[in-house]
Amino acid sequence: MRIVLRILKALALLLVLVVIAAAGWLFIRPPELLRVGDGYAAKIVCSNVFIAGRGAEDVLHDDVQAPGNPLLRLVRVSVDRDNDRVTARFMGLFAPSYALYRGAFGCTSVPDGNFEAAANAVPFDPPAKVQANDALWPEGEGIDNPADGKIAALLADAGVAGPAMRAIVVVRNGRIVTEAYGPGFSAKTPLIGWSMTKTVNAAVLGRLMLGGKISFDDDNLLAQWKNDTRARIKVSDLLGMESGLAFNEDYGDVADVTRMLYLDPDMVSLPANAPMEAAPGQRFRYSSGTAVLLSRIWMDRVGNAQAAFSYPHDALFSPLGMTSAVFELDARGTFAGSSYLYATAHDWARFGQFLLQDGVWNGQRLLAEGFVGAMRTPTAASDGRYTQGQAWLAPGGSSAAFGLPEDTFWLTGHDGQSMAIVPSANLIVVRLGLTPSRLDYQPQVLLKAILAALPQPRGPQQQAGSQRQTQSQP
């Protein structure tokens, strides 16, 4: 019996030592997976608390833990409102990661914990925001039309709207005809677009293109690519996701994309140092790193740092009346053009209307001629799925396969965010939510149902008149 007790005591002591050693290892050298998870939690909670005004625990549960890796259920967060910081720790103890709120520039991950550098990376004089007004959308926030009954019924159908829908806005002939919101969300809630941000970032570059400061054919884009095969990469290659740069976009594990977003305070570093795996223009590889490179490139072309920080607001958001838009930057001051734009569903729809009008707003051309055309033109290397302007033609299947108009093009995001633009129907459908790809929801189902519920086309003269009216709207 004594021998058994001694063995049990020895095993208990061994177990304690193993636990202490494991805790020490987690404390001193936490695995990248835990650091990524905590970085993701800190960033998402920070943005939703400080930009959208949501509760930290609600965001942690609904946005971080419920749809994600099971390990995320062991993450705990704390919000320091005095210093505008959020800290996330695995089990409340290990692998601490941080996010910092920087006012008009939203939140940023601070993976190195250097809050001073992150705070000093953005100007202290952010662009002044234009206030919303009560004029009819898109000039203001007013909605005068009664909701279309057929479409409203569709949006109330969970099978059509999709799981965890947070906002749907339907725009026809330049006016909102129907909108719907999930519990706890409204027309005033800024929502993340994830990779829909890529198309907005491309449009910011398109504004510079109008002024002749950058072109599709520009190469020698980064100083560190000089005298390198990467010097041959053109702006057009980056816009079409055909740079030839290696980049791992797998979100199922620690990969290039998650390292860039949550482990590196300078997001440009990883994609800028990526090796070539193919000649430019020869291979399609979807890459969030490519969008961040585009951010750095257009920021450098603006001319000075202060002007670059203000440029998205001054050149795009303010003219369009996107009063809620918050375009976030990394900890070293590069816009996270791959992922981090928050805006209300109304403002996302304004951007869609802007593209529908070929980059013209209030009678003024804001995007270079042909830039929206590039967003609608397929690339050969993507087999016609992606376009020359950071947008999709066939996310998850061709338009023809779903019985949709051939001129449909899309903005899409990682968690079921989507915007369908259908020029032939003068239609925009914005759908925002938290719907991971594993749920197999396809926004084409929503768009097809809405198209079927629309009134039948009118005569050619009436259609032409409606189109002229839409084009002239601000």
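Quick summary incoming for the structure in this document.

What counts, and at which threshold
- Residues numbered from 1 in each chain as written.
- Predicted model: local features only at pLDDT ≥ 70, side-chain atom pairs only at ≥ 80, totals over all residues.
- Heavy atoms only, no water.
- Disulfide = S-S within 2.5 Å.
- Helix = DSSP H or I, 4+ residues; strand = E, 2+ residues; numbered from the N terminus.
- Buried < 20%, exposed > 50% of the residue type's maximum accessible area, 1.4 Å probe, protein only.
- Salt bridge = Lys/Arg side-chain N within 4 Å of Asp/Glu carboxyl O.
- Pairing = 2+ DSSP bridges.
- Axes fitted to C-alpha atoms, helices over the stretch in contact; angles between N-to-C directions.

**What about the state of the cysteines?**
Consideration 1: Summed over all chains, the structure comprises one disulfide.
Consideration 2: The disulfide partner of Cys46 is Cys107, and the gap between their sulfur atoms is 2.1 Å. Judged by the torsion about the S-S bond (-75°), the Cys46/Cys107 disulfide is left-handed. You can see Cys46 sitting in helix H2 (residues 32–50) and its partner Cys107 sitting in strand E4 (residues 107–109), a full 61 residues away along the chain.
Consideration 3: Given the relative accessible area of 0%, Cys46 is considered buried.

**With respect to the pattern of salt bridges**
Consideration 1: Per the stated rule, a full pass over the model turns up 15 salt bridges.
Consideration 2: Its salt-bridge partner being Arg166, residue Asp63 comes within 3.0 Å of it at the nearest N-O pair. With Asp63 in helix H3 (residues 56–65) and Arg166 in strand E5 (residues 165–172), the pair connects residues that are 103 residues apart, well separated along the chain. For the pair shown, Asp63 and Arg166 are each scored as buried.
Consideration 3: Here Arg350 ties to Glu141 by a salt bridge, and the two come within 2.8 Å at their closest N and O atoms. Placement of the pair is Arg350 in helix H13 (residues 345–356) and Glu141 in the loop between helix H4 (115–120) and helix H5 (149–155), with a sequence separation of 209 residues.
Consideration 4: For Arg350, a relative accessible area of 1% gives the class buried.
Consideration 5: In the salt-bridge network here, residues are joined through shared partners; they are Arg54, Asp63 and Arg166.

**Topic: the sheet that holds strand E13 (residues 418–422)**
Consideration 1: In space, the five strands of this open sheet follow the order E6-E5-E14-E13-E12, with antiparallel pairing throughout. Across the chains shown, the open sheet's two edge strands, defined by having one partner strand only, are strand E6 (175–181) and strand E12 (409–412). Across the sheet, the mean angle separating the axes of adjacent strands is 10° when strand polarity is ignored.
Consideration 2: Taken together, the five bridges between E13 and strand E14 (residues 427–433) define a ladder with antiparallel strand orientation. The partner of Met419 across the bridge, within E14, is Val430.

**A look at the pairing of E13**
Consideration 1: Extensive coverage of E13 is indicated by the burial of five of its five residues.
Consideration 2: Of the two faces of E13, the one carrying Ser418, Ala420 and Val422 and the one carrying Met419 and Ile421 are both buried.
Consideration 3: As judged from the four bridges shared by E12 and E13, these two strands associate in the antiparallel manner. Its bridge partner lying in E13, Thr412 is registered against Ser418.
Consideration 4: Hairpin geometry of E12 and E13 is characterised by an intervening segment of five residues between the two adjacent antiparallel strands and by a positive phi of about 85° at Gly416.
Consideration 5: Linkage of E13 to E14, two consecutive antiparallel strands, is achieved through a turn of four residues, within which Asn426 is found at a positive phi near 50°.

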